[in-house]
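Geometric and topological summary
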Amino acid sequence: QVQLVESGGGLVQAGGSLRLSCAASGIIFSINAMGWYRQVPGKQRELVATITSGGSTNYADAVKGRFTISRDNAKNTVYLQMNSLRPEDTAVYYCNADIATGWRTGPRAYWGQGTQVTVSS
């Protein structure tokens, strides 16, 4: 049983900042890549940023230079620092992690429940 719980969402004015956190808990053997995705009503869920277990990062063009993804492997936690927020960043943000729960078990994708980020103009 694995759970991912996001926190840090909320309402912020354009130009402001938020820091999202996502902690994985449960029986975890290893965590490979972790990431953040977001979804707006009527649109598909889209990638925001990912980070490998070794720290390599990947960002969507829309957030590059403004958002920073990081992780604390000791805490099984991934973060998303969001700066210079824009109204178009408004979405439900979901944490994702590829987690193996046993030494012979291949990793599978787990998702958090989502946290709302609203950027007002």
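For the structure, check the block above.
Everything in this summary refers to the structure shown in the same document.

Cut-offs used in this document
- As a convention, each chain's residues are numbered from 1 in the sequence order in which they are written.
- For a predicted model such as this one, the threshold for reporting local features is a pLDDT of at least 70, and the threshold for listing and counting side-chain atom pairs is 80 or more; totals across whole chains, interfaces and linings nevertheless cover every residue.
- Think of the side-chain values as coming from all heavy atoms in the structure, minus any hydrogens and water.
- Strands qualify as paired when DSSP identifies two bridges or more between them.
- Numbering of helices and strands runs from the N terminus, with a helix taken as a DSSP run of H or I at least four residues long and a strand as a DSSP run of E at least two residues long.
- Whenever a helix is involved, its axis is fitted only over the stretch in contact; in every case the axis is a line through C-alpha atoms, and angles between N-to-C directions fall within 0 to 180 degrees.
- Note on disulfides: each one is a pair of cysteine sulfur atoms within 2.5 Å.
- Exposure is judged per residue with a 1.4 Å probe applied to protein chains only, and the accessible area is read against the type maximum: over 50% gives exposed, under 20% gives buried, and values in between give partly exposed.
- Between the rings of Phe, Tyr and Trp (Trp by its six-membered ring), a pair exists once the centres lie within 6.5 Å; its type follows the angle of the planes, with under 30 degrees stacked, over 60 edge-to-face, and the other angles tilted.
- Here, nonpolar core means buried Ala, Val, Leu, Ile, Met, Phe, Trp, Tyr and Cys residues that are tied together by side-chain atoms lying within 4.5 Å of each other.
- Any two residues having at least one pair of non-hydrogen atoms within 4.5 Å are treated as being in contact.
- Throughout this description, the term salt bridge denotes a Lys or Arg side-chain nitrogen within 4 Å of a carboxyl oxygen of Asp or Glu.

**Brief notes about the sheet that holds strand β7 (residues 67-72)**
The 4 strands lie next to each other as β1-β3-β8-β7, forming an open sheet whose pairing is antiparallel. If you trace the sheet from one side to the other, it starts and ends with β1 (2-7) and β7, each paired once. Between one strand axis and the next, the sheet turns by 15 degrees as a mean value, whatever way the strands run.

**A short note on the state of the cysteines**
In this structure the tally under the stated criterion is 1 disulfide. Shown here is the disulfide that connects C22 with C95, its sulfur atoms set 2.0 Å apart. Looking down the S-S bond of the C22 and C95 bridge, the torsion is -85 degrees, so its handedness is left-handed. Within this pair, whereas C22 is found in strand β3 (residues 18-26), its partner C95 is found in strand β9 (residues 91-100), the two being separated by 73 residues in sequence. Like C95, C22 is buried.

**Here's the deal with the packing of aromatic side chains**
Here the structure, examined in full by the defined rule, presents 1 aromatic pair. Seen from their ring centres, Y37 and W111 are 5.0 Å apart, and the 65 degrees between their planes marks the pair as edge-to-face. On the criterion of sequence distance, the pair formed by Y37 in strand β4 (residues 30-39) and W111 in strand β10 (residues 108-111) is long-range, its members being 74 residues apart. Of the residues examined, Y37 reaches a relative accessible area of 19% and is grouped as buried. For W111, a relative accessible area of 38% puts it in the partly exposed group.

**Re the nonpolar core**
L4, W36, L80, M82 and Y93 are the most contacted members of the largest nonpolar core, which has 30 residues in total. Those elements that place two or more of their residues in this core are β1, β3, β4, β5 (46-51), β7, β8 (77-82), β9 and β11 (115-120). No other element matches the 5 residues that β9 contributes to this core. With sequence-adjacent residues up to four places away left out, L4 is seen in contact with C22, A23, A24, C95, N96, A97, I99, Y110, W111, G112 and Q113.

**Quick notes on the pattern of salt bridges**
Applying the stated rule across the entire model yields 4 salt bridges. Of the charged contacts in the structure, one is a salt bridge between E46 and R38, with a shortest N-O distance of 2.8 Å. Take R38: its relative accessible area is 7%, and that puts it in the buried class. Taking the shortest distance from any N to any O, the salt bridge between R38 and D89 comes out at 3.0 Å. Of this pair, R38 sits in strand β4 while D89 sits in the loop between β8 and β9, placing them 51 residues apart in sequence. One salt-bridge network, held together by shared partners, links R38, E46, R66 and D89.

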